[in-house]
Structure formats: structure tokens, C-alpha cells
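Coordinates in review
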Amino acid sequence: ALVAVTALCGETRTTGLMVPQLHTLPLRRAAVVACIFSTFAGSLESSNWLEKSADVSYKCPGSSSWIMHAWAKVEVDVHGSCDDVFNEMLARASGEGSWQDPHNQGLYSVLESRHAFTLGLKRLTGDGMYTDKITFSFFPAKDSCKLFGCSESQGPSVYDFSTNYCNQRMLYCGSREGCIPVHQNFAVQEKQVSTSYGAKSDQKACFNG
């Protein structure tokens, strides 16, 4: 391992000394450690790696599939209190007011509910063939609620035809997006959507009946 790292950092003058010129093992190890730290710190400064990869706000449900499976993450600003947003999403997932999922008539069930904090769900497709799990985290913000969601397929999958994205969007979208609220209609702004390879985030696919 030392040889491999030395090959990577040997010509880097981060400590003022080139690693190959240090002939004692303790000094070489110290220089290599300094090189690695400097290189890593530089990458943090240039790409905000820590901020982007920590994903401390996302809580993904995990998957029972031990091979590749589809997933989607969303970050959304919902203009309302987290109490109201949570209640509306829970009402839709529970089928209140005869609410039905516009995306393949999926059936939601509640797995975890911590008011205005986290919401864990399971969704079965309308044909009863596929199951996904979804988690949402709620964070109060000024005049809005910051929502982080993650949906994962529970079986092997690559192409999900936007299902994991729609699993989430259909619970927070408002009438402006073509959705039918149960109790409250919110203005929403999707700040970020990310998906696994092959998964999609096509908004029109969410209304395929």
C-alpha cells in the first residue's frame, strides 16, 4: 500500500520534500500522509466534495435486492409549514378523500410516521407486481418546508420508467403541476432530482393512469 501511495504522491511537493528523497521509512510514511492530506484537502476546496457527497439530509430506505436496483432522490422546497406539508402527504398516502395515485394507481402504505420529521412508505404498483420503499425528511425553512425524499426499488431493476421519481412527486405536487390535493394545495419547487443509471424523472410519466 505504501508503494502504491508513494507512486501517486512521490512527485507532489506538498511538504517541501519529495517522497523519493526520504530514505527512512518513518519519514517516508509521514511525507506520504502529508501528501494524501494535502491532495484530499485540495479536492474538498475545489469541488465541495464533502458538502455534495455527505447527503446528511437524505435518508434512503434501502433495498432487499442484492444486485442493481433503481432509485431516485429529490430535494424540494414546499411553500407551507412542515406540519401542513406532512399532513397533506400522509393524507394522500393513506388514500383520504378517495385520493388515488395518478401513476399506475399505485397503493401506498405507511411504514414509519414521525410528525413533521420523517415519513416512511411502501408503494405497490397497480398491477401488484413491483414494490418500492420511500422515505421523506422534513426541515423547516423560512416560509417553507425543505423536503428530502428517496425512493428505492425492492427488486432487481435498471429502467424504472420514472416510477421512483413519481412515487415521491405525486405526494407533494400541487394543482399547478396537475395534481389533486386532499386538504392543502402547495406551490413547490424541485431544487434537485438525481436518479440511478437507467432510472428517469419524466414528469409526464407520472400521469399515465
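For the structure, check the block above.
Heads up: these notes are all about the structure in this document. (Residues numbered from 1 in each chain as written. Predicted model: local features only at pLDDT ≥ 70, side-chain atom pairs only at ≥ 80, totals over all residues. Heavy atoms only, no water.)

Let us look at the state of the cysteines. A full pass over the atoms with the stated rule returns four disulfides. Covalent S-S linkage joins C166 and C206, the inter-sulfur distance amounting to 2.1 Å. Across the disulfide from C166 to C206, rotation about the S-S bond amounts to roughly -85°, and the bridge is consequently left-handed. Separated by 40 residues along the polypeptide, C166 in helix α5 (residues 163–172) and C206 in the segment after β6 (188–195) bring together distant segments of the chain. (Disulfide = S-S within 2.5 Å. Helix = DSSP H or I, 4+ residues; strand = E, 2+ residues; numbered from the N terminus.)

A few words on helix α4 (residues 82–93). In this model α4 runs 16 Å from its N-terminal to its C-terminal C-alpha over 12 residues, within 8% of the 16 Å that 1.5 Å per residue would give. What α4 keeps buried is the set C82, V85, F86, E88, M89, A91, R92 and A93. Where the residues of α4 are buried, they touch β1 (71–78), β2 (107–114), β3 (118–124), β4 (131–141), β5 (144–153) and α5. Immediately beyond the C-terminal end of α4, within one or two residues, lies G95, with a positive phi of roughly 75°. (Expected span 1.5 Å × (residues − 1). Buried < 20%, exposed > 50% of the residue type's maximum accessible area, 1.4 Å probe, protein only. Contact = heavy atoms within 4.5 Å.)

A few words on the nonpolar core. Core analysis: the biggest nonpolar cluster contains 29 residues, and M89, F136, F138 and Y172 have the highest contact counts within it. Broken down by secondary-structure element, the contributors of at least two residues to this core are β1, α4, β3, β4, β5 and α5. In this structure, F138 is in contact with C82, V85, F86, M89, A116, F117, T118, L119, C145, K146 and L147, ignoring residues within four places of it in sequence. (Core = buried A, V, L, I, M, F, W, Y, C linked by side-chain atoms within 4.5 Å.)

Assignment of secondary structure puts R169 in helix α5. We classify R169 as buried; its relative accessible area is 5%. Excluding residues within four positions of it along the chain, R169 makes contact with E177, E190, Q203 and C206.

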